[in-house]
Amino acid sequence: MTVANSVTAPAPRMLACYRPHPRDIGNATRTSLSRLEHGVAPSQSGVSEENTQANGSLMRIMPVALANLDHPERMRDEAQAVGAITHAHPLCIATCNTY
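Residues numbered from 1 in each chain as written. Predicted model: local features only at pLDDT ≥ 70, side-chain atom pairs only at ≥ 80, totals over all residues. Heavy atoms only, no water.

Enquirer: What is the right way to look at the overall build of the protein chain in this model?
Expert: The number of helices and strands found in the protein chain is seven helices and zero strands. Listed N to C, the secondary structure of the protein chain is α-α-α-α-α-α-α in terms of helices and strands. By the compact-globule yardstick of 13 Å for 99 residues, the protein chain fits well, its C-alpha radius of gyration being 12 Å. Reported as C-alpha extents along the three principal axes, the dimensions of the protein chain are approximately 35 × 25 × 20 Å. Per-residue burial over the protein chain gives 36% buried out of 99 residues. The long-range fraction of contacts in the protein chain, counting pairs at least 24 apart against all pairs at least 6 apart in sequence, stands at 59%. Of the roughly 5,900 Å² that the protein chain leaves accessible, carbon and sulfur atoms contribute 56%. (Helix = DSSP H or I, 4+ residues; strand = E, 2+ residues; numbered from the N terminus. Rg over C-alpha atoms; globule rule 2.2 N^0.38 Å. Buried < 20%, exposed > 50% of the residue type's maximum accessible area, 1.4 Å probe, protein only. Contact = heavy atoms within 4.5 Å. Areas by Shrake-Rupley, 256 points an atom, 1.4 Å probe, with all protein chains shown as cover.)

See below:
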């Protein structure tokens, strides 16, 4: 799977979880998934404002790590890309890389 595919592949599943509009979703995730729902590409949907530095992206990247245990560079690239679907602030992206 390419990094581009790793960004687009989880987006429909993320939207499926978002569409019933759950109450227990963070503001950054809610805004980003609303953008996805309105046609913004997954690679552009993540929020990057200063007040969006939250942990929502960390909750979604563990499968990326497990799928790429033998490929650390791909693991890093995909974790950053998947995390940025909702949390595109540079600090969040760096945290996904470290995590």
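Picking up after the structure, the text goes on.
Enquirer: I would appreciate a short explanation of helix α6 (residues 72-83) in the present structure.
Expert: Under the 1.5 Å per step criterion, the end-to-end length of α6 is 16 Å for 12 residues, consistent within 8% with the ideal 16 Å. Every buried residue of α6 is listed here: Glu78, Ala79, Ala81, Val82 and Gly83. (Expected span 1.5 Å × (residues − 1).)

Enquirer: Would you take a moment to explain the side chain of Thr86 for this structure?
Expert: Looking at where Thr86 falls in the secondary structure, it is placed in the loop between α6 and α7 (90-98). Judged by relative accessible area, Thr86 falls into the buried class, the value being 0%. Polar contacts involving the side chain of Thr86 include one to the side chain of His87, which spans 2.7 Å. If we skip the residues at most four places from it in the chain, Thr86 touches Met14, Ala28, Thr29, Ser32, Leu33, Gly46, Val47, Ser57 and Arg60. (Polar contact = N/O pair within 3.5 Å; in protein donor to acceptor, adjacent residues only side chain to side chain.)

Enquirer: So what exactly am I meant to see when it comes to unusual backbone geometry here?
Expert: The general pattern is negative phi for most residues beyond glycine and trans for most peptide bonds. Of note, His21 is a non-glycine position whose phi angle comes to about 55°, a positive value. Tracing the sequence through the fold places His21 in the loop between α2 (11-18) and α3 (27-37). For His21, a relative accessible area of 43% gives the class partly exposed.

Enquirer: Where do I start with the nonpolar core in this structure?
Expert: A general trend in soluble globular proteins is that nonpolar side chains are found buried together. Counting residues in hydrophobic clusters, the biggest one holds eight residues: Ala11, Met14, Leu15, Tyr18, Ile25, Leu33, Leu36 and Ile85. Elements with a minimum of two residues in this core: α2 and α3. Among the elements that line this core, the one with the most residues is α2, at four residues. Every residue in contact with Ile25, bar those within four places of it in the chain, is listed here: Tyr18, Arg30 and Leu33. Judged by nonpolar contacts, the second largest core, of five residues, contains Ile61, Val64, Val82 and Cys96. (Core = buried A, V, L, I, M, F, W, Y, C linked by side-chain atoms within 4.5 Å.)

These figures come from the coordinates and say nothing about function on their own.
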